[in-house]
Amino acid sequence: ARGMAKALAELGFDVIAKENLTKQEMDRAVREFGDRLGEGMVGLFYFAGHGMQVGGKNYLIPVRSGIRREDEVPYSAFDVNQLLAKMDSAHNGLNLVILDACRNNPFERSFRSGSVGLASMDAPMGTLIAYAAKPGMKSKDSDTGGQNGLYTGILLKYMAAMPNLPIGELLIKVRSEVKQASGGEQYTWEEGGLENDFCFADCTVQGASMPVELIFWESIKHSANPADFQAYLDKYPNGQFAALASNRLQTMPTLSVASVEPIPYRPQIRQVGACRDCPEMVAIPDGEFFMGSDSNDPDAQADELPRHKVQVGAFLLGKYEVTRGQFAAFVKETGYVAGSDCWVVENSKWEGRMGGNWQHPDYSQEDTHPVVCVNVADAAAYIRWLNKKTGNHYRLPTEAEWEYAARAGSQALRYWGNAADEACSYANIADQDLINADFNCRDGYVYTAPVGSFRANAFGLHDMLGNAWEWTCSAYNEQGYDGSEKVCNSNFALSHAHRGGSWGNNPPVVRLANRNRNVPSDRGSNLGFRLAQDS
């Protein structure tokens, strides 16, 4: 805590530092903290010490608590929800809660429950909660004899070295180093999210405190372009990342598309202004592309063939997936009931659940996340409302329009290239935060992420791969392409295609050519939609 107080003061925070407080003193300190928060301020709460969960709630243990039995904890320890409520009531818009409190339960010998670490929490809008260890996991003290626990020691290092890095990216770096330093026994965790970027220093001065060589490497290390790594070697032939750059050049996979005519153009992207209730749209130029899988793709499926040339007219496509907040506005105004059944993951298997819906997809979401647990009828109802309200003519994209826009001129497996492990910069997928995930990277999210959290493709579209599957208006033929992919079909007895993969999918699925389908009445906790509009 002393190290954190010093670091925050040096970064310009007005710091209230307290040590070894009783329950009454903790209450007073949080009241003082909350009362000093105001509009436009950043609130940051940090706690190092013992924490525990009882009945699914998290408590911070004060000194001289006198706790003897588990049922005494709610009255004798500090409820973290009390802190969240106090911060939320300030309406300051941006709050961080950092809890290095996931150590052993100090009373575990006398308690009935075997709960380990802290429990998952729902963060208010505009609040990010960072845990030293994922829910149900213990955190470790430093193995090097340092003054700080493993998590705080590494966090302080990155706050000093990279204060200009957005908090999400900084915490991903912390997570990676904590995992490595703990031998895989500790994974850090975040919940909630921020509506705007936050950096401990100026976000616009990326890497200002880093050496020039490190800035260069940070800017290219996720690149799928061999020229970037060659440029690094030309500039720093004996640099600290030279071996890594050489290895990337030698091992970067390539996909032969010799049999495919290249797409020569790089169209100009036009952002289309939106009214208050309209999704932000991007103008997609007309053109032609090769739809489906190349014979050299090792993960190609029968329904991705034959690879064929498709002509697509100009149209508009949503820059982002339709969000939970946008769908909520529709429901609030119309009273629409979007059903109460949704496929969710239970014990690593998909199961239909009654009571699951877009408001309760079996994991926590914010209004900035893509709406899920919606079927084609739900999407159509939203579109009818939006068209009537705005006078526009929105619709779902055809499957051909979807793949054309997702490729954005690319002939590779993915719009960033062929390398699967580059995905975490561009997509929210089944990364190393998920059990048995095959992507060897971390994207910072287990389930859905706020739309636009990852890099866009060349057309300026975000999340065309990963985050949530997206319904199209085209019927699906399991035998392969038969022309249905080019048109909309209103026959709800036929399976409809949905594309793009989601937060729970591995490399063979997160490809531009991959196809999936469901009957239009199905809802899934990984399935949403994006809007199209005729140009």
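Parameters at a glance
Residues numbered from 1 in each chain as written. Predicted model: local features only at pLDDT ≥ 70, side-chain atom pairs only at ≥ 80, totals over all residues. Heavy atoms only, no water. Pairing = 2+ DSSP bridges. Helix = DSSP H or I, 4+ residues; strand = E, 2+ residues; numbered from the N terminus. Buried < 20%, exposed > 50% of the residue type's maximum accessible area, 1.4 Å probe, protein only. Contact = heavy atoms within 4.5 Å. Axes fitted to C-alpha atoms, helices over the stretch in contact; angles between N-to-C directions. Parallel < 35°, antiparallel > 145°, perpendicular 65-115°, else oblique. Left-handed = near helix turned anticlockwise from the far one by under 90°. Nonpolar A, V, L, I, M, F, W, Y, C, P; charged D, E, K, R; others polar. Salt bridge = Lys/Arg side-chain N within 4 Å of Asp/Glu carboxyl O. Core = buried A, V, L, I, M, F, W, Y, C linked by side-chain atoms within 4.5 Å.

Bringing the sheet that holds strand 4 (residues 78-79) into the picture now. Read from one edge of the open sheet, three strands run 2-3-4, paired in antiparallel fashion. Across the chains shown, the open sheet's two edge strands, defined by having one partner strand only, are strand 2 (51-54) and strand 4. As defined by bridge partners, strand 3 (residues 57-60) adjoins strand 4 across two bridges and the pair is classed as antiparallel. By the bridge assignment for strand 4, Leu-60 is matched with Phe-78.

In this section: the side chain of Gln-533. Inspection of the secondary structure assignment puts Gln-533 in strand 20 (residues 532-534). For Gln-533, a relative accessible area of 12% translates into the label buried. Excluding residues within four positions of it along the chain, Gln-533 makes contact with Met-281, Phe-315, Leu-316, Asn-392, His-393, Tyr-394 and Arg-395.

Our next topic: the pairing of strand 10 (residues 287-291). Taken across its five residues, strand 10 has four buried, putting it largely inside the fold. Here strand 10 runs beside strand 11 (residues 308-312); their pairing, made up of five bridges, is antiparallel. Within strand 11, the position partnered with Met-291 by the bridge is His-308.

What follows deals with the packing of helix 2 (residues 23-36) against helix 4 (residues 80-89). In a pair of packed helices, the angle between the axes and the distance between the axes together describe the arrangement. Axis separation between helix 2 and helix 4 bottoms out at 9 Å; the angle between their running directions is 20°. Classified by the angle between their axes, helix 2 and helix 4 sit roughly parallel to one another. Two packed elements cross with a definite hand, and for helix 2 against helix 4 that hand is right-handed. Contacts between helix 2 and helix 4 involve Asp-27, Val-30, Arg-31, Phe-33, Gly-34 and Asp-35 from the first element and Gln-82, Leu-83, Lys-86 and Met-87 from the second. Taken together, the residues of the contact of helix 2 with helix 4 sort by class into four nonpolar, two polar and four charged.

Inspection of every chain in the model, using the stated rule, returns 22 salt bridges. Where Arg-499 meets Glu-399, a salt bridge forms, and the shortest distance between an N and an O atom there is 2.9 Å. You can see Arg-499 sitting in strand 17 (residues 496-499) and its partner Glu-399 sitting in helix 12 (residues 399-407), a full 100 residues away along the chain. Between Arg-499 and Glu-403 there is a salt bridge, with the nearest N and O atoms lying 2.8 Å from each other. Taken together, the residues span a long stretch of sequence, with Arg-499 in strand 17 and Glu-403 in helix 12 at a distance of 96 residues. Each of the two residues, Arg-499 as well as Glu-403, counts as buried. Salt bridges linked by common partners bring Glu-399, Glu-403, Arg-407, Arg-499 and Arg-515 together as one network.

A separate point is the nonpolar core. Ile-284, Phe-315, Leu-317, Trp-416, Leu-461 and Met-464 are the most contacted members of the largest nonpolar core, which has 31 residues in total. Elements that contribute at least two residues to this core include exactly strand 9 (281-284), strand 10, strand 11, strand 12 (315-318) and helix 12. Looking at which element gives the most residues to this core, the answer is helix 12, with five residues. The contacts of Leu-461, once residues within four sequence positions are left out, are Val-282, Ile-284, Leu-317, Gly-318, Lys-319, Ala-405, Ala-456 and Arg-530.

Honestly, that's just the spatial picture; any functional story needs more than this.
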